[in-house]
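Summary of the model geometry
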Amino acid sequence: MIGQDIPEAKRILNAGELVAIPTETVYGLAGNALNPVAVASIFETKNRPSFDPLIIHVPSLVEAENYVNDIPAALRKLAEHFWPGPLTLLLPRKSNIPDIVTSGLDRVAVRVPDHPLTLELLAQLDFPLAAPSANPFGYISPTSPKHVDAQLGDKISYILNGGKCKVGLESTIVGMEEDEVVVYRLGGLDISEIESIVGKVIVKSHSSSNPQAPGLLESHYAPAKPFLLGNLETLIAEYQERNVDFAVLSLAQTFPAVPVGNQIALSPQTDLKEAATHLFAAMRTLDESNAVVILAELMPEEGLGKAINDRLRRAATKG
Ligand code: TXA
Ligand code: MG
């Protein structure tokens, strides 16, 4: 079922079952974070390895303090500025957070999502919602209720319909090491905005072996079809030569020689925020096209372009 019935969503969650929830970043697959059985069924439904910890969603910073200790001053400032919003903080967890949520780590990932329906739902619950993106593990994150329905619709009883996600990229994940603010995942909140509040930060988003973030796996967000990154003109010439059906994902450019239905420009005005909003839906559309391979280009390495490029690189076919 897809609908906007908050009492129904609440009833299902209170029973220990799962509901897909809208956020400004991507849709989440949500369950009671304090109930280890509900959390286990999130991992099972997504087919996600259980060493990959989950983010808990709360309605406010005040509510977050029921689940974490000693919020460092710099991170508190970030929460005050950017919550509700696409920012996740790694904070020392209280003992009421079950091990299965954090994969046994000392820190729990917390955020206040910026979506009116989900904020209303959270305000009515007696527990936080653990929620990874509502897609099968490794596939592209969902940015509309129909994306969720297409892949997990038969496994979950309710999808709360909050329309299309207005940011379209997962939250930026931030924590502290010693006295330094560290970004573990690039995302919908631009680094420059974070730096405008707390000064220079360190970015550690690429090491898949990083013990602080075991889930930030290198290959992720991937379409089923081969996804190749490079110079589009060169790639197009190569695949025309080979006589292979291809699809094209660009920032702004369109290619007269490629059928209209086989190409998507993320933002004809080269607005990287707009490009971020369209990215995952475009990857899905091209994955469902009749092409056998998707050709794509990197964005300029500035603003949200960095986070988009992170997703494009993780989606790219290796080797
Ligand atoms: O925008 C978002 O963050 C979305 C929406 C639904 O809130 N959620 C999301 O969740 O992207 P997920 O599970 O797909 O990605 C969460 C990432 C994982 O890579 C995980 O490894 C990392 O957060 N993470 C979670 N808890 C952590 C922890 N305690 N320490 C380090 N990394 C953690
Ligand atoms: Mg995910």
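Counting starts from 1 at the beginning of each chain's written sequence and moves along it residue by residue. To label them, take the chains in the order written and letter them from A, then take the ligands in the order written and number them from 1. Since the coordinates come from a predicted model, pLDDT governs what is reported: local features require at least 70, and pairs of side-chain atoms require 80 or more to be given and counted, while whole-chain, interface and lining totals use all residues. Heavy atoms from the whole structure form the basis of all side-chain values; hydrogens and water molecules are not counted.

**Some remarks on the sheet that holds strand E8 (residues 158–160)**
Any two strands between which DSSP finds at least two bridges are classified as paired. Runs of E in the DSSP output that reach at least two residues are strands. Runs of H or I that reach at least four are helices, and both are numbered from the N terminus. One open sheet holds the eleven strands; their spatial order is E1-E8-E2-E3-E7-E4-E6-E5-E9-E10-E11, and the pairing between them is mixed. In this open sheet, the two strands that pair with only one neighbour each are strand E1 (2–3) and strand E11 (202–203). Docked against the sheet, helix H4 (residues 73–82) engages strand E5 (87–92), strand E9 (172–177) and strand E10 (180–185), running at close to 150° with respect to E5. For this analysis, residues touch if any pair of their heavy atoms sits within 4.5 Å. Lines fitted to the C-alpha atoms define the axes, with helices restricted to the stretch that makes contact. Angles between their N-to-C directions range from 0 to 180 degrees.

**Quick word on the nonpolar core**
To qualify as a nonpolar core, a set must consist of buried Ala, Val, Leu, Ile, Met, Phe, Trp, Tyr and Cys residues joined through side-chain atoms within 4.5 Å. Burial classes: relative accessible area under 20% of the type maximum marks a residue as buried, over 50% as exposed, and values in between as partly exposed (1.4 Å probe, protein chains only). Leu 78, Trp 83, Val 110, Val 174, Phe 227, Leu 249 and Leu 279 are the most contacted members of the largest nonpolar core, which totals 76 residues. Here this core gets eight residues from one element, more than from any other, and that element is helix H10 (residues 272–287). In this document the domain limits rely on a domain assignment from an automatic tool or a database. Two domains share this core, each providing at least three of its residues, namely domain 1 (2–203) and domain 2 (227–316). Judged by nonpolar contacts, the second largest core, of 16 residues, contains Val 19, Leu 121, Leu 122 and Leu 125.

**Regarding the domain arrangement of the protein chain**
When the parts come together, some accessible area is lost, and that loss is often what is quoted as the size of the interface. The domains assigned to the protein chain are domain 1 (2–203) and domain 2 (227–316). A separation of 28 Å is found between the C-alpha centroids of domain 1 and domain 2. At the junction of the two partners, domain 1 supplies 20 residues and domain 2 supplies 15 residues. Two parts placed together each lose some accessible area under a 1.4 Å probe, and adding up what both lose gives the buried area. With both sides pooled, the region where domain 1 packs onto domain 2 buries about 1500 Å², and carbon together with sulfur makes up 57% of that total. Per-residue buried area on domain 1 facing domain 2 is highest for Ile 140, Leu 169 and Leu 186; these three make up 38% of the total on that side. Salt-bridge detection follows one rule: a side-chain nitrogen of Lys or Arg within 4 Å of a carboxyl oxygen of Asp or Glu. Seen at the junction of domain 1 and domain 2, the total is one salt bridge. Put simply, Glu 170 and Arg 311 hold a salt bridge, and the shortest N to O gap is 2.8 Å. Polar contact is the term for a pair of N or O atoms within 3.5 Å; when the atoms are in protein, one must be able to donate a hydrogen and the other to accept it, and sequence-neighboring residues count only if both atoms are side-chain atoms. For the pair domain 1 and domain 2, the interface holds seven residue pairs in polar contact (both at pLDDT 80 or more).

**Describing the packing of aromatic side chains**
Centres within 6.5 Å are what make two rings of Phe, Tyr or Trp a pair, Trp counting through its six-membered ring; a difference in plane orientation under 30 degrees is then read as stacked, over 60 as edge-to-face, and the rest as tilted. According to the stated counting rule, one finds zero aromatic pairs in the structure shown. Above the ring of Tyr 239, the side-chain terminus of Arg 242 is found at 4.6 Å from the ring centroid. Over a ring means this: the NZ of a Lys or the CZ of an Arg is within 6 Å of the ring centre and within 35 degrees of the ring normal.

**Describing helix H6 (residues 116–124)**
Those residues of H6 that fall on the buried side of the exposure criterion are Leu 117, Thr 118, Leu 119, Leu 121 and Leu 122. Against helix H1 (6–14), strand E2 (19–21), strand E4 (55–57), strand E7 (129–130) and E8 lie the buried residues of H6.

**Here we look at the pairing of E9**
Counting buried positions over the six residues of E9 gives five, a clear majority of the element. In this structure, E5 lies alongside E9, joined through three bridges in parallel fashion. Of the residues in E9, the one forming a bridge with Leu 89 is Val 174. Relative to E10, E9 runs antiparallel, the two being bridged by five bridges.

**Looking at the sheet that holds strand E12 (residues 227–229)**
Overall, parallel pairing links the four strands, which are arranged E12-E15-E13-E14 in an open sheet. Edge positions in the sheet fall to E12 and strand E14 (263–265), since each of these pairs with one other strand and no more. In this sheet, adjacent strand axes meet at a mean angle of 15° when their direction is disregarded. Alignment of strand E13 (residues 246–250) against E14, held across three bridges, turns out to be parallel. Of the residues in E14, the one forming a bridge with Val 248 is Gln 263.

**Points about the pairing of E10**
A regular strand places its side chains on the two faces of the sheet in alternate fashion. Burial within E10 is extensive, with five of its six residues counted as buried. In sequence, E9 turns back onto E10 through a hairpin of two residues, with Glu 178 there showing a positive phi of about 55°. Here E10 pairs with E11 via two bridges, running parallel. By the bridge assignment for E11, Val 182 is matched with Ile 202. Read from E10 through helix H8 (residues 191–198) to E11, the crossover connection turns out right-handed. Looking down the strands as they point away from you, a crossover is right-handed if its path from the first strand over the helix to the second goes clockwise.

**Here we look at the pattern of salt bridges**
A full pass over the atoms with the stated rule returns 13 salt bridges. With a shortest N-O distance of 3.0 Å, Asp 310 and Arg 314 are connected by a salt bridge. Taken together, the residues span about one helical turn, with Asp 310 and Arg 314 both in helix H11 (residues 305–315) at a distance of four residues. Connected via shared salt-bridge partners are Glu 170, Asp 310, Arg 311 and Arg 314.

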